[in-house]
Amino acid sequence: MALTLSLATEHDIALLNDLGGRSYRHHFADVWNSETALEQYLEAEYGLQALHFSLMQENIEWFIIRTTQAIGLVKLSYAQQIPDEAHIGTLINKIYLLPQSTGQGHGQAIFQHIEDLAKQHGDRFIWLEVLASNPAAKSFYQRCGMHLIKNILFVATTQQSQMHILGKNL
């Protein structure tokens, strides 16, 4: 079955809200110390107003990952500089799949689409942040050719999480 990334528009806000909330909760709810903090984060990232504002940004694109139906989402920010580093390129903000679509071998195809999109936007470097407590994701990104740039701290109202910034030249 063919996998595609279709560019999201304002007409897709409700779908992005649903995909983001369901996939994020499935993969990351257990890393949050507070249900309230998790809900605040989800509203800030996937709330209808937040999505509307994000879709209006010039250098940000959201994509819906589809096979025969919508199975996840991707958010990319182009020409972004890693904080306190010289590297500038496409920031992979999000790659999230619905629970029933994980482990199906879609990751490599999605990553190739992302590399192609970055190149089409003139970027020759891609980067992302991954939880240090998520070795499976880090391992996947390393198999895709990414390497550790540096470690940072994600700070939320009720907790902190160690993050790795990984990057790759295209």
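These remarks concern the structure in this document. (Residues numbered from 1 in each chain as written. Predicted model: local features only at pLDDT ≥ 70, side-chain atom pairs only at ≥ 80, totals over all residues. Heavy atoms only, no water.)

1. What about helix H5 (residues 135–143)?
Every buried residue belonging to H5 is among Ala 137, Phe 140 and Tyr 141, and all of these are buried. Along H5, the residues classed as buried sweep out an arc of 95° about the axis, all on the same side. Facing away from the buried side of H5 by more than 90 degrees, the exposed set consists of Pro 135, Ala 136 and Arg 143. Looking at the buried positions of H5, the neighbouring elements they touch are strand S4 (88–97), helix H4 (107–120), strand S5 (125–131) and strand S7 (160–169). Directly after H5, the chain includes Gly 145, whose backbone phi takes a positive value near 100°. (Buried < 20%, exposed > 50% of the residue type's maximum accessible area, 1.4 Å probe, protein only. Helix = DSSP H or I, 4+ residues; strand = E, 2+ residues; numbered from the N terminus. Arc of directions from axis to C-beta. Contact = heavy atoms within 4.5 Å.)

2. Section: the pattern of salt bridges
Side chains bearing opposite charge may pair, as long as their charged atoms lie close to each other. Counting across every chain of the model gives 4 salt bridges. Glu 39 serves as the salt-bridge partner of Arg 25, at 2.9 Å between the closest nitrogen and oxygen. With Arg 25 in helix H1 (residues 13–28) and Glu 39 in helix H2 (residues 35–46), this residue pair connects regions lying 14 residues apart in the sequence. Look at Glu 39 and you get partly exposed, because its relative accessible area is 32%. (Salt bridge = Lys/Arg side-chain N within 4 Å of Asp/Glu carboxyl O.)

3. Brief notes about the side chain of Lys 94
With respect to the helices and strands, the residue Lys 94 is situated in strand S4. Assessed through its relative accessible area of 5%, Lys 94 is described here as buried. In terms of polar contacts, Lys 94 uses its side chain to reach the side chain of Glu 45, at 2.7 Å. In this structure Lys 94 touches Tyr 41, Glu 45, Tyr 46, Trp 62, Leu 73, Val 74 and Lys 75, once residues within four positions along its chain are discounted. (Polar contact = N/O pair within 3.5 Å; in protein donor to acceptor, adjacent residues only side chain to side chain.)

4. A closer look at the packing of H1 against H2
Where H1 contacts H2, the two axes come as close as 10 Å, and the packing angle between them is 145°. Of the two elements, H1 crosses H2, and the hand of that crossing is right-handed. Contacts between H1 and H2 involve Leu 16, Asn 17, Gly 20, Gly 21, Tyr 24 and Arg 25 from the first element and Leu 38, Glu 39, Tyr 41, Leu 42 and Tyr 46 from the second. The class makeup of the residues in the contact of H1 with H2 is 6 nonpolar, 3 polar and 2 charged. (Axes fitted to C-alpha atoms, helices over the stretch in contact; angles between N-to-C directions. Left-handed = near helix turned anticlockwise from the far one by under 90°. Nonpolar A, V, L, I, M, F, W, Y, C, P; charged D, E, K, R; others polar.)

5. Points about the sheet that holds S4
Strand order in this open sheet of 7 strands is S1-S2-S3-S4-S5-S7-S6, and the pairing throughout is mixed. The strands lining the two open edges of the sheet, one partner per strand, are strand S1 (4–7) and strand S6 (147–155). Shown here is a sheet whose adjacent strand axes are inclined to one another by a mean of 30°, direction ignored. The sheet contacts of H1 involve strand S2 (60–66), strand S3 (70–81), S4 and S5, and relative to S3 the element is tilted by about 90°. (Pairing = 2+ DSSP bridges.)

6. Here we look at the pairing of S3
With 9 of its 12 residues buried, S3 lies for the most part within the structure. Sheet topology places S2 next to S3; 7 bridges connect them, and they run antiparallel. Along S3, the bridge assignment pairs Glu 61 with Leu 76. Bridging between S3 and S4 involves 8 bridges; their strand directions are antiparallel. Among the inter-strand pairings, Ser 77 is bridged to a residue of S4, identified as Leu 91. Counting the residues that bridge the hairpin from S3 to S4 gives 6 residues, and of these Asp 84 lies at a positive phi of roughly 60°.

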